[in-house]
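# Fold and contact review
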Amino acid sequence: MLLLAAFLPGIPAPVHAAPIPLLRRDDRLHREIENLESQWRTAVMQDDVATLNRLLADDYLGINPNGTLETKADALAQRRSGTVKISSIDPDNVKVRVYGDTAVVTSRVDVVGHDGDRDISGRYHYTRVYNHRSGEWKIVSFEASRISPGSKH
């Protein structure tokens, strides 16, 4: 009766009602995705191609701040070449939302780095999408946009 009362309109749920177990599962999933985000940041800063290969889905497609599309092969080749050097990635306002077998991560991030001779340091917004397949979370999509200096965001 207590469980039924918690879902019927007009009948208040008892104060001692147990939390819904699904919420605990979401917390675990959020921590798992946050851990993968940390692995990704470390791998990018260390040019760790093996970890990036493990994290990226074979059908990964990214959109870089300059608007270019990037496949998994492109992303791994860029890391192997050493052209892009990222020395710092500092996330802020990270939000993880899980929708079944898909997780969406949004964040602001301060980056310090170079692409060849070009300084790419600055503040960015990004969205990274994970999909749970074959028992693992894989990055399937990424998009980053540079935040204009002086912007409130």
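Description of the structure in this document. Please read these numbers as outputs of a predicted model, since none were measured by experiment.

Rules of the game
- Residues numbered from 1 in each chain as written.
- Predicted model: local features only at pLDDT ≥ 70, side-chain atom pairs only at ≥ 80, totals over all residues.
- Heavy atoms only, no water.
- Phe/Tyr/Trp six-rings, centres within 6.5 Å; stacked < 30°, edge-to-face > 60°.
- Helix = DSSP H or I, 4+ residues; strand = E, 2+ residues; numbered from the N terminus.
- Buried < 20%, exposed > 50% of the residue type's maximum accessible area, 1.4 Å probe, protein only.
- Contact = heavy atoms within 4.5 Å.
- Polar contact = N/O pair within 3.5 Å; in protein donor to acceptor, adjacent residues only side chain to side chain.

So, on to the packing of aromatic side chains. The tally for this structure, following the rule as stated, stands at two aromatic pairs. The interplanar angle of 40 degrees and the centroid separation of 5.9 Å between the aromatic rings of Trp-40 and Phe-142 together place this pair among those described as tilted. With Trp-40 in helix 2 (residues 21-45) and Phe-142 in strand 7 (residues 136-146), this pair connects stretches of sequence that are 102 residues apart. Phe-142 matches Trp-40 in its accessibility class, with the two residues each being buried. With a centroid separation of 5.8 Å and 40 degrees between ring planes, the pair formed by Tyr-126 and Phe-142 is classed as tilted. Here Tyr-126, found in strand 6 (residues 122-133), pairs with Phe-142, found in strand 7; they are 16 residues apart in sequence, far enough to count as distant. The burial state of Tyr-126 is the same as that of Phe-142; both residues are buried. Each member of the aromatic cluster is reached from another via a ring pair, and the members are Trp-40, Tyr-126 and Phe-142.

Moving on: the environment of Thr-68. Mapped onto the fold, Thr-68 is located in the loop between strand 1 (56-63) and strand 2 (69-71). Look at Thr-68 and you get partly exposed, because its relative accessible area is 37%. Residues Thr-68 and Glu-143, spaced 75 residues apart in sequence, show a C-alpha to C-alpha distance of 10.0 Å. Ignoring any residue separated from it by four or fewer positions in sequence, one finds Thr-68 in contact with Gly-62 and Ile-63. Within the structure, the side chain of Thr-68 is placed 2.8 Å from the side chain of Asn-66, a separation counted as a polar contact.

Shape descriptors only; they carry no functional weight alone.
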